[in-house]
Amino acid sequence: MANIKLGPSAHVDTFARDNLPPFDQWPQLLLDRPEFQYPEYLNAAVELTDRNVERGFGDRIALIGNGRRRTYKELADWSNRLAHALVENYGVKPGHRVLIRSGNNPALVAAWLAATKTGAVVVNTMPMLRAGELAKIVDKAEIALALCDSRIADELIACAKTSKFLKQVVNFDGTSNHDAELDRIALDKPVKFDAVRTGRDDVALLGFTSGTTGEPKATMHFHRDLLAIADGYAREVLNVTENDIFVGSPPLAFTFGLGGLAIFPLRFGATATLLESASPPNMIQIIETYKATICFTAPTAYRAMMAAMDKGADLSSLRIAVSAGETLPAPVFEEWTRKTGTPILDGIGSTELLHIFITNRIGDARPGATGKPVIGYVAKIVDKEMNEVERGEIGRLAVRGPTGCRYLADKRQKDYVRDGWNLTGDTFMQDADGYFHFVARADDMIVSAGYNIAGPEVEAALLSHVDVAECAVVGAADNERGEIVAAYVVLKPNVIGDELCVKKLQDHVKTTIAPYKYPRAVYFVEALPKTQTGKIQRFRLRQH
């Protein structure tokens, strides 16, 4: 791997490139296919906006959200005005990290594209994160400027007050009113912007993943990576055309959401519908109103959508349903296929590899199987020594392709990448026909309704409550959400473990960390099972 040679960089702030892992810890990248040949200089945001206007798509609808439709010409102009504001009024230089905090709306997409055009490295963050969680991200990426939907600025402002890096929080209007500081400044700017000629190997995006320790890791993705996921998965598996209309629930702060609800549609001149509250009823309304054709969500939501179909909901416009975030149970696959005539495409992706790398396909989908590698990727099942195991045997999933894991200054890089292969932390089996089947997560990550939740982080939140002496958190199987967070709590003397206490602890977690991480089940116990050395035996709690 030591023969890696990076192309030219436009970054004047070299933080990102300086903090790439050593070349000998990189995954081997497979870039020889024609789909992944990109020019030396490449700005992904230009390819997704201005280039579509040049292709004659200027009058086509790019984004639908918050009651408005935006054409490709409007999106290009909007992002160019914002880019002028970032450079001229806020001093953004190529290579600066810019944090963005917003729900799924067109203003977030415009801000992300604008920052990318300026050559900045964008860090999209979940709107539910609290100040303490944001501080870890700000510190790790040394972020000085944050752009925030004015409706949810409180936690970010609280973070900035104590941060040694975050100097400025600038608000934009996430509604369609354009009535916040950034919007007002951008209003008078020109609609043409000479985007920075970033190198294809310049870092464009830092994808943060919580990791089981709760200590965030940031995966560094280049401009070419952002296009490679569209030119691979979206082109080969989804066969996206300009007539497609996308809908989905994953936050754009997740790379799964950014790909499925921004990069994929914009790469092909298609339309993205964006929902700040992507509940199944809201998604159904979008599908019925706009005749959406491609849906991205988790199995939980597909269950709810099938129940709605029984009551008359019309989802017949959907030609593809993509499921990720948690493994797709065979009964859901079979029921959806029976009711709609089209399969749900289960797949596995990760923040580290940016998007889906193994998937089922239309005409080649098996219930209970994750599928086969996406074009450009190869995968195998290995033992602890990295030897490939026999078909039918369980082992660790190893993958490589046009994208791969490059953690920002993180010693965990050498755990994720071994011998040039990405080790995803999943246990899999490959059957005799070459299909890959998910078995289990290899770590303590809880996957609930598509959200990754680190058990230790929930434990830390519970332990900060005055009534809690000890606790352990594990994932418990759940029909609706795949897994739920289950907490086993030892209370301090004289505290009564009743329903009121359960609610008190749940509310405490919701205000300490992102609310979706709270324990939906709380069990009060006299003591936690432990080894002789005092280590908590979580496997015994899982069996319980």
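Residues numbered from 1 in each chain as written. Predicted model: local features only at pLDDT ≥ 70, side-chain atom pairs only at ≥ 80, totals over all residues. Heavy atoms only, no water.

Participant: What is the right way to read the overall build of the protein chain from this model?
Facilitator: Within the protein chain, the secondary structure is distributed over 17 helices and 25 strands. At 23 Å, the protein chain has a C-alpha radius of gyration in line with the 24 Å of a compact globule built from 544 residues. Dimensions of the protein chain, computed from the C-alpha atoms along their principal axes, are close to 65 × 60 × 55 Å. The proportion of buried residues among the 544 residues of the protein chain is 59%. Considering only contacts in the protein chain between residues 6 or more positions apart, those separated by 24 or more positions represent 68%. Counting every atom, the protein chain has about 21,600 Å² of accessible surface; 49% of that belongs to carbon and sulfur. Both charge centroids of the protein chain, one from 63 positive and one from 67 negative side chains, sit 2 Å from each other. (Helix = DSSP H or I, 4+ residues; strand = E, 2+ residues; numbered from the N terminus. Rg over C-alpha atoms; globule rule 2.2 N^0.38 Å. Buried < 20%, exposed > 50% of the residue type's maximum accessible area, 1.4 Å probe, protein only. Contact = heavy atoms within 4.5 Å. Areas by Shrake-Rupley, 256 points an atom, 1.4 Å probe, with all protein chains shown as cover. Lys, Arg positive; Asp, Glu negative; His and termini not counted. Charge placed at Lys NZ, Arg CZ, Asp CG, Glu CD.)

Participant: In this structure, what is going on with helix α4 (residues 72-90)? I would like to understand it.
Facilitator: Helical periodicity: at 3.6 residues per turn, an α-helix aligns residues three or four positions apart in one direction. Across its 19 residues, α4 extends 26 Å between first and last C-alpha, which sits within 8% of the 27 Å expected from 1.5 Å per residue. G91 sits one or two residues past α4 and shows a positive phi near 65 degrees. (Expected span 1.5 Å × (residues − 1).)

Participant: Can you walk me through the nonpolar core in this structure?
Facilitator: A general feature of soluble globular proteins is that nonpolar side chains tend to end up buried together. Residues W112, L147, L238, F264 and L397 are the most contacted members of the largest nonpolar core, which totals 91 residues. Among residues more than four places away in sequence, those in contact with L238 are Y233, F246, F264, I294, F296, R319, I320, V322 and L345. Ranked by size, the runner-up nonpolar core spans 54 residues in total, among them F15, Y451, L505 and Y516. (Core = buried A, V, L, I, M, F, W, Y, C linked by side-chain atoms within 4.5 Å.)

Participant: Got a minute to help me understand the packing of aromatic side chains in this structure?
Facilitator: Two numbers describe a pair of aromatic rings. These are the distance of the centres and the angle of the planes. Counted under the stated rule, the structure contains 13 aromatic pairs. Ring centres of F23 and W26 lie 5.1 Å apart, and the angle between their planes is 85 degrees; this geometry places the pair in the edge-to-face category. Between F246 and F296, the aromatic rings sit 6.3 Å apart at their centres with planes inclined by 15 degrees, giving stacked as the arrangement. Residue F246 is located in strand β9 (residues 245-248), and its partner F296 is located in strand β11 (residues 294-297); the two are separated by 50 residues in the primary sequence. Neither residue differs from the other here; F246 and F296 are each classed as buried. (Phe/Tyr/Trp six-rings, centres within 6.5 Å; stacked < 30°, edge-to-face > 60°.)

Participant: It is not clear to me how the sheet that holds β11 should be interpreted in this structure. Could you clarify?
Facilitator: One key point about sheets: their strands pair by backbone hydrogen bonds, in either a parallel or an antiparallel sense. The strand order across the open sheet built from nine strands is β2-β1-β10-β9-β11-β12-β13-β14-β15, with neighbouring strands paired in mixed fashion. At either end of the open sheet lies a strand with only one pairing partner, and these are β2 (68-71) and β15 (372-373). Strand direction decides the pairing type here: β11 and strand β12 (residues 320-323), joined by four bridges, are parallel. Bridge pairing links F296 to V322 in β12. Where α4 meets the sheet, its contacts fall on β1 (61-65) and β2, and the angle it forms with β2 comes to roughly 85 degrees. Across the face of the sheet, helix α9 (residues 223-238) comes into contact with β9, β11, β12, β13 (344-349) and β14 (356-359) while running at roughly 135 degrees to β12. (Pairing = 2+ DSSP bridges. Axes fitted to C-alpha atoms, helices over the stretch in contact; angles between N-to-C directions.)

Participant: What am I meant to see in the state of the cysteines here?
Facilitator: Each disulfide consists of one covalent bond between the sulfur atoms belonging to two cysteines. Applying the stated criterion to the full structure yields zero disulfides. Here C148 is not disulfide-linked; the sulfur of C159 is the nearest cysteine sulfur, at 11 Å. Taking relative accessible area as the criterion, C148 reaches 0% and is therefore assigned buried. Sulfur of C471: no disulfide; nearest cysteine sulfur belongs to C501 and is 12 Å away. Judged by its relative accessible area of 5%, C471 falls in the buried class. (Disulfide = S-S within 2.5 Å.)

Participant: Which parts of the structure should I look at to understand the pattern of salt bridges?
Facilitator: Side-chain pairs of opposite charge can arise where the charged atoms are in close proximity. Scanning the entire structure with this criterion turns up 30 salt bridges. A salt bridge links R406 to D225; the nearest nitrogen and oxygen atoms lie 2.5 Å apart. With R406 in the loop between β17 (394-400) and α14 (413-416) and D225 in helix α9, the pair connects residues that are 181 residues apart, well separated along the chain. Looking at D225, the relative accessible area reads 0%, which means it is buried. In this structure, the salt-bridge partner of R366 is D433, at a minimum N-O distance of 3.1 Å. Of this pair, R366 sits in the loop between β14 and β15 while D433 sits in the loop between β19 (421-430) and β20 (436-441), placing them 67 residues apart in sequence. Here D433 falls in the partly exposed class, since its relative accessible area comes to 46%. Taken together, the shared-partner salt bridges in this structure form one network comprising D201, R224, D225 and R406. (Salt bridge = Lys/Arg side-chain N within 4 Å of Asp/Glu carboxyl O.)

Participant: I would appreciate a short explanation of the pairing of strand β4 (residues 121-125) in the present structure.
Facilitator: Strand residues, when the strand is regular, have side chains that alternate between the two faces of the sheet. In terms of residue burial, β4 counts as a mostly covered element, since five of its five residues are buried. Residue alternation in β4 divides its side chains into two sets, V121, V123 and T125 and V122 and N124, and both sets are buried. The sheet contact formed by strand β3 (residues 97-101) and β4 spans five bridges and is parallel. Paired with I100 across the strands is N124, a residue of β4. With helix α5 (residues 106-117) bridging β3 and the parallel β4, this β-α-β connection has right-handed handedness. (Right-handed = clockwise from strand over helix to strand, strands pointing away.)

Participant: For this particular structure, what's the right way to read unusual backbone geometry?
Facilitator: Note: most residues except glycine have negative phi, and most peptide bonds are trans. For N66, which is not glycine, the phi dihedral falls at a positive 50 degrees. Its place among the elements puts N66 in the loop between β1 and β2. Residue class for N66 comes out partly exposed when judged on its relative accessible area of 34%. Of note in this structure, K291 is not a glycine but carries a positive phi near 55 degrees.

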